[in-house]
Amino acid sequence: RAVAMSVSHSSRLNKLVREQYMRLPQDGLVQVTYVWIDGSGEGVRCKSRTLDKEPKSIEDVPEWNFDGSSTAQAEGSNSDMFLVPVRMFRDPFCLDPNKLVLCEVLKYNRKPAETNLRHTCKKVMELVKDSHPWFGMEQEYTLLGINGHPYGWPDNGFPGPQGPYYCGVGADKVYGRDIVESHYKACLYAGVKICGTNAEVMPSQWEFQVGPCEGIEMGDHLWMARFILHRVCEDFGVVATLDPKPMTGNWNGAGCHTNYSTEEMRREGGLKHIEAAIEKLSKRHDYHICVYDPRGGRDNSRRLTGHHETSNIFEFSAGVANRGASIRIPRQVGQDGCGYFEDRRPAANCDPYAVTEAIMRTTVLNETGVETKDYAEH
């Protein structure tokens, strides 16, 4: 008897029928899908419109609006929110010349919405641009059936203990590789700076990496990679969760390890700049924990236990090649005397704008304490 996998009804629709329509010509018209972050600070929303010619740059994409009362971003009595296009990608679902466009959300008074964390991140990245900050973020996620149970796990019970699954190969080791490979190809087509992927320690948990990206580009590319992931999963009828600890017990959680360097760190002798940055981070641990998940550290408290390759949320630590530390200096960097370091604290559901902004405020702008400085518009 075939086992019925827990997938959505719409994924069972005949995709060959869809292909017949997708091949129809568009006669020079272009479909643009606007993508934005909703009021949860974690979810993405999208809607599409027709433009009469292909936009060649982000300036060619007009502002738009949406009903913020339906995305937990506004009151029903004053619900119009502005969508301001900030970065354009090719559309891997509807194909060229169609576009995906990432947008910032502004309120009716044109002030940034509460979950628009890009706005201040961009200001900070402008201030630190001479240090040429590079980031690479490692996005872990877990595939779930439509019933909320990890995809491919036994309906009543658990798979064997962790060990054979990390970077695993074989039908009894990995679940959902079709989704992972489709997502990878879709990101490459879109122009997202995806640079790798692997199966993770918990079965049906995966990771993709985005970077190196400079400054504000990091958040833009990771958010679009997340949108594409959710959209690919929709086609396959499963769910990708960024929950930092989707399964309690003896299972690894999910993080978004953030690799970071400045130009000084990448040059010969850069290790002393790496160590100086880590010293600054050590004095501001509480502030970083607060911004490294959308709930002020509450999500991460389920994950950062000091077990399962994590540090303890209450203590700051750093070490060479140590995956149980807050900050890891890769062994190669220790040998070369320059390079980058990895902040292992951000949760899988962090906002990359918040994470990259916090790192710059502490390591380059030399902020201390839990308060952030408000920099005037330049």
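Reading guide: rules and limits
- Residues numbered from 1 in each chain as written.
- Predicted model: local features only at pLDDT ≥ 70, side-chain atom pairs only at ≥ 80, totals over all residues.
- Heavy atoms only, no water.
- UniProt positions renumbered as here; feature names shortened; annotations may be inferred.
- Salt bridge = Lys/Arg side-chain N within 4 Å of Asp/Glu carboxyl O.
- Helix = DSSP H or I, 4+ residues; strand = E, 2+ residues; numbered from the N terminus.
- Buried < 20%, exposed > 50% of the residue type's maximum accessible area, 1.4 Å probe, protein only.
- Axes fitted to C-alpha atoms, helices over the stretch in contact; angles between N-to-C directions.
- Parallel < 35°, antiparallel > 145°, perpendicular 65-115°, else oblique.
- Left-handed = near helix turned anticlockwise from the far one by under 90°.
- Contact = heavy atoms within 4.5 Å.
- Patch = residues over 30% accessible without salt bridge, like charges linked within 9 Å, V, L, I, M, F, W, Y side chains within 5 Å.
- Areas by Shrake-Rupley, 256 points an atom, 1.4 Å probe, with all protein chains shown as cover.
- Phe/Tyr/Trp six-rings, centres within 6.5 Å; stacked < 30°, edge-to-face > 60°.
- Domains from an automatic or database assignment.
- Buried area = accessible area lost by both parts, 1.4 Å probe.
- Pairing = 2+ DSSP bridges.

For the protein, an unreviewed UniProt entry supplies the name Glutamine synthetase and the organism Pterocles burchelli. Taken from UniProt, the Sequence similarities (unreviewed entry) comment for the protein reads in full: "Belongs to the glutamine synthetase family." Per UniProt, the comment on the protein under Subcellular location (unreviewed entry) is "Cytoplasm".

**Things to note about the pattern of salt bridges**
Tallied over the full model, the rule gives 25 salt bridges. Across the pair E63 and R110 runs a salt bridge whose closest N-O atoms are separated by 2.8 Å. With E63 in the loop between β2 (44-51) and β3 (64-67) and R110 in the loop between β5 (99-106) and α2 (118-127), this pair connects stretches of sequence that are 47 residues apart. A salt bridge links E342 to R344; the nearest nitrogen and oxygen atoms lie 3.2 Å apart. On the basis of relative accessible area, R344 is assigned to the buried category, the value being 6%.

**Section: the packing of helix α4 (residues 217-236) against helix α10 (residues 352-363)**
Between α4 and α10, whose axes approach to 8 Å, the crossing angle comes to 155°. Looking at the two axes, α4 sits roughly antiparallel to α10. You can see that α4 and α10 cross each other, and the crossing is right-handed. On the side of α4, the interface is formed by M218, G219, D220, L222, W223 and R226, while α10 contributes P352, Y353 and T356.

**Details of a nonpolar patch on the surface**
On the surface, V17, Y21 and L24 cluster together into a nonpolar patch covering about 310 Å² of accessible area. With respect to the helices and strands, L24 occurs in the loop between α1 (15-22) and β1 (30-37). Classification of L24 as exposed rests on a relative accessible area of 52%.

**A closer look at the packing of aromatic side chains**
Tallying each qualifying case throughout the model produces eight aromatic pairs. Arranged with centres 6.1 Å apart and planes meeting at 70°, the rings of W153 and F158 form a pair that is edge-to-face. Look at F158 and W251: their rings are 6.3 Å apart centre to centre, the planes differ by 25°, and that puts the pair in the stacked class. Taken together, the residues span a long stretch of sequence, with F158 in the loop between β6 (134-144) and α3 (177-190) and W251 in the loop between β9 (239-241) and β10 (256-261) at a distance of 93 residues. By relative accessible area, which is 55% here, F158 ends up exposed. Taking the relative accessible area as the measure of exposure, W251 reaches 8% and is therefore buried. Taken together through their ring pairs, the aromatic side chains of F135, Y260 and F341 make up a single cluster.

**Section: the environment of P161**
Mapping P161 onto the fold places it in the loop between β6 and α3. Measuring from C-alpha to C-alpha, the distance between P161 and V239 comes to 23 Å, with 78 residues separating the pair along the chain.

**Description of the domain arrangement of the protein**
It is common to give the size of an interface as the accessible area that goes away when the parts come together. In terms of domains, the protein is made up of domain 1 (10-115) and domain 2 (125-364). Taken over C-alpha atoms, the centre of domain 1 sits 26 Å from the centre of domain 2. Taken together, the contacts link 21 residues of domain 1 with 25 residues of domain 2. Counting the surface lost from both domain 1 and domain 2, the interface buries some 2000 Å², and carbon and sulfur atoms represent 66% of this. When the buried area of domain 1 at its contact with domain 2 is split by residue, E42, F89 and F93 rank highest and sum to 31% of it.

**A closer look at the sheet that holds β3**
The strand order across the open sheet formed by five strands is β2-β1-β5-β4-β3, and the pairing between neighbours is mixed. Edge strands, defined here as strands with exactly one partner in the open sheet, are β2 and β3. In this sheet, neighbouring strand axes are inclined to one another by 40° on average, regardless of whether the strands run parallel or antiparallel. Two strands pair when backbone bridges link them, and strand β4 (residues 80-90) and β5 are joined in this way by eight bridges, in the antiparallel orientation. Note that in β5 the partner of L83 across the bridge is V105.

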